[in-house]
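Geometric and topological summary
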Amino acid sequence: MPDLLPTRRHVLAGLSAAALPVMASTPVLAASGPSLRALAAEKGILFGSALSAGTMEPAYLDIVKAECGVIVPENEFKVYVIATQPDRYNFAPGDTIAGFARDNGMKLRGHTLLWNKAEFMPKWLLNIDFGANPAREAERYLRDYIKRVCTHYGDQVFSWDVVNETIDPQTGDIRDTPFTRALGFDCIRIAFEAAREYAPKAQLVYNDYMSWERGNETHRKGVLKLLETLRAKNVPIDGFGIQSHIGNDGHIKEAQNDQWRAFIDAAVGMDYKLLITEFDVNDKDLPTDTAVRDAGVAAAAKDYLDLMFSYKQLDQFLCWGMSDNHSWLQGWTPRADKTPQRPTPYDAQYRPKPLREAIAAALKAAPKR
Ligand code: 9MR
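Below: a short report on this structure. Only a predicted model underlies this, so the values are computations on that prediction, with no experimental measurement involved. (Residues numbered from 1 in each chain as written. Predicted model: local features only at pLDDT ≥ 70, side-chain atom pairs only at ≥ 80, totals over all residues. Heavy atoms only, no water.)

1. A closer look at the overall build of the protein chain
In terms of regular secondary structure, the protein chain is built from 14 helices and nine strands. For a compact globule of 369 residues, the expected C-alpha radius of gyration is about 21 Å, and the protein chain comes in at 21 Å, within 12% of that figure. Seen along its three principal axes, the alpha-carbon backbone of the protein chain occupies a region of about 75 × 45 × 40 Å. In the protein chain, which comprises 369 residues, the share counted as buried stands at 56%. For the protein chain, restricting intrachain contacts to residue pairs at least 6 apart in sequence, the fraction spanning at least 24 positions comes to 79%. Counting only carbon and sulfur atoms, one obtains 52% of the accessible surface of the protein chain, whose full area is about 15000 Å². For the protein chain, the distance from the average site of its 44 positive side-chain charges to the average site of its 47 negative ones is 3 Å. (Helix = DSSP H or I, 4+ residues; strand = E, 2+ residues; numbered from the N terminus. Rg over C-alpha atoms; globule rule 2.2 N^0.38 Å. Buried < 20%, exposed > 50% of the residue type's maximum accessible area, 1.4 Å probe, protein only. Contact = heavy atoms within 4.5 Å. Areas by Shrake-Rupley, 256 points an atom, 1.4 Å probe, with all protein chains shown as cover. Lys, Arg positive; Asp, Glu negative; His and termini not counted. Charge placed at Lys NZ, Arg CZ, Asp CG, Glu CD.)

2. Digging into the site of the ligand
Looking at the ligand, there are 15 residues lining it, with E74, K78, Y80, H111 and E278 nearest. Here H111 contributes a side-chain N or O atom positioned 2.7 Å from an oxygen atom of the ligand. Computed on the free molecule, the ligand has an accessible area of 460 Å², of which 87% lies beneath the protein chains in the complex. Considered class by class, the residues forming the shell around the ligand number six nonpolar, five polar and four charged. (Near = heavy atom within 4 Å. Polar contact = N/O pair within 3.5 Å; in protein donor to acceptor, adjacent residues only side chain to side chain. Nonpolar A, V, L, I, M, F, W, Y, C, P; charged D, E, K, R; others polar.)

3. A look at the packing of aromatic side chains
Enumeration over the complete set of coordinates arrives at 19 aromatic pairs. A centroid spacing of 5.3 Å and a plane angle of 75° characterise the contact between F47 and F317, whose relative ring orientation is edge-to-face. Here the residue F47 occupies a position in strand β1 (residues 46-51), and F317 occupies one in strand β9 (residues 314-319), the gap between them amounting to 270 residues. According to the relative accessible area criterion, F317 is buried, its value standing at 0%. For the pair Y141 and Y145, a centre-to-centre distance of 6.1 Å together with 15° between the ring planes defines the contact as stacked. Within this pair, Y141 and its partner Y145 are both found in helix α7 (residues 134-153), separated by four residues, close to a single helical turn. As far as burial versus exposure is concerned, Y141 and Y145 are alike and both buried. (Phe/Tyr/Trp six-rings, centres within 6.5 Å; stacked < 30°, edge-to-face > 60°.)

4. Some points on the nonpolar core
The biggest cluster of nonpolar side chains holds 104 residues, and the ones touching the most others in it are W160, F240, F279 and F317. Residues contacting F279, with those up to four places away along its chain left out, are Q243, S244, I246, A301, Y304, L305, F317, L318, C319, W320, L355 and I359. Core analysis: the second largest hydrophobic core is formed by eight residues, V70, F158, L318 and L329 among them. (Core = buried A, V, L, I, M, F, W, Y, C linked by side-chain atoms within 4.5 Å.)

5. Overview of the environment of P86
Tracing the backbone through its elements, the reader meets P86 in the loop between α4 (79-82) and α5 (92-103). Note on P86: relative accessible area 43%, which makes it partly exposed.

6. Examining the pattern of salt bridges
In total, this model carries 22 salt bridges according to the counting rule given. Here E137 ties to R140 by a salt bridge, and the two come within 2.9 Å at their closest N and O atoms. With a gap of three residues between them, E137 and R140 both fall in helix α7, about one helical turn apart. Residues R189 and D186 are paired through a salt bridge, measuring 3.0 Å at the closest nitrogen-oxygen approach. Here R189 pairs with D186, and both are found in helix α9 (residues 186-198), just three residues apart, close to one helical turn. Looking at D186, the relative accessible area reads 30%, which means it is partly exposed. One continuous salt-bridge network, built from bridges that share partners, spans E139, R143, D186, R189, E193 and E197. (Salt bridge = Lys/Arg side-chain N within 4 Å of Asp/Glu carboxyl O.)

7. Observations concerning the pairing of strand β6 (residues 239-242)
Covered by surrounding structure in β6 are G239 and G241 together with F240 and I242, the residues of both alternating faces. Note that strand β5 (residues 203-208) and β6 share four bridges and pair parallel. Residue pairing in the sheet places V205 in a bridge with G239 of β6. Between the parallel elements β5 and β6, the chain passes through helix α10 (residues 217-232) in a crossover that is right-handed. Here four bridges tie β6 to strand β8 (residues 273-281), and the two strands are oriented parallel to one another. Directly across from G241, in β8, lies its bridge partner L275. (Pairing = 2+ DSSP bridges. Right-handed = clockwise from strand over helix to strand, strands pointing away.)

What is shown is where atoms sit, not what they do.
Right, dumping it as structure tokens:
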């Protein structure tokens, strides 16, 4: 039986989804046929989405429950939520998401133990004084933080983004943060070692946003160098999370397929598992017209996913939100024409879009892993 059906009213009225009024009580006008979770599972892929504690209204959760087999907290496991002050740990927002996953039989990913980017550290941590022996104190802090977070969530988190975005896309080098100033590359090693120690059953992942479009060459090079170094130094790491915010640099039509394949080939050649961790499609260089835009988004997604699913090392695929109204892109990279972005599988009224069809088609075409 399909997971979701059009509503009776929808069918009886013979209306197109777009013509329906939106009411608070409107049931989900979701896709008919198998869920994305089921389509993915047939190919050995786990499908899911980010979920944020602030967007848990019932109609949205209906979509998440119908479509997803795995959830990742969008912000609630980040250090700026958990550790707003030194020696204070607030797990309440993260527990809300973890509870939802558990109650609904979904797996849980963790994002992220070390987001090694100054911009996303709480102010107190950014200005931290590691004292007379900064390397020792920075290591002590990092290990202790990772221990607290990993032991709090225990085995429920089956896969951790241990380190996120530590490569500067402009230089290809490791970013400058309080941890790299005190420890250099060692902070990355320490983070993975602590994660292995305190989350011994979890898959450990490096996650970053280098993309397949023009303009990402230096970023890709830097990430590859990092992946090589991690292997050369025997750092405990299992997977490479490719965020997949495609179109994000405004070059949606300028994919560098050959360079991208060479990049992924190199990662799998080093025996990394692959994950799509944060998929969405930024439509800011597509025209205003909704139909044209949705078609452009769907086409870019199909091309991208066909390429990615051709790698059997890829067995997790998460969207960064399931509906347009809950996408980070609305606030972060608004369109010049001021219309809302349409980057996710469902629109703001929770109706499935051509992007959902493209995802379903790519999953159906994917080889089994
Ligand atoms: O979607 C997230 C947004 O709500 C937050 O304000 C922002 C800063 O914490 O982070 C966004 O998620 C990012 C993710 O954690 C890492 N990769 C890029 C994502 C989009 O910016």
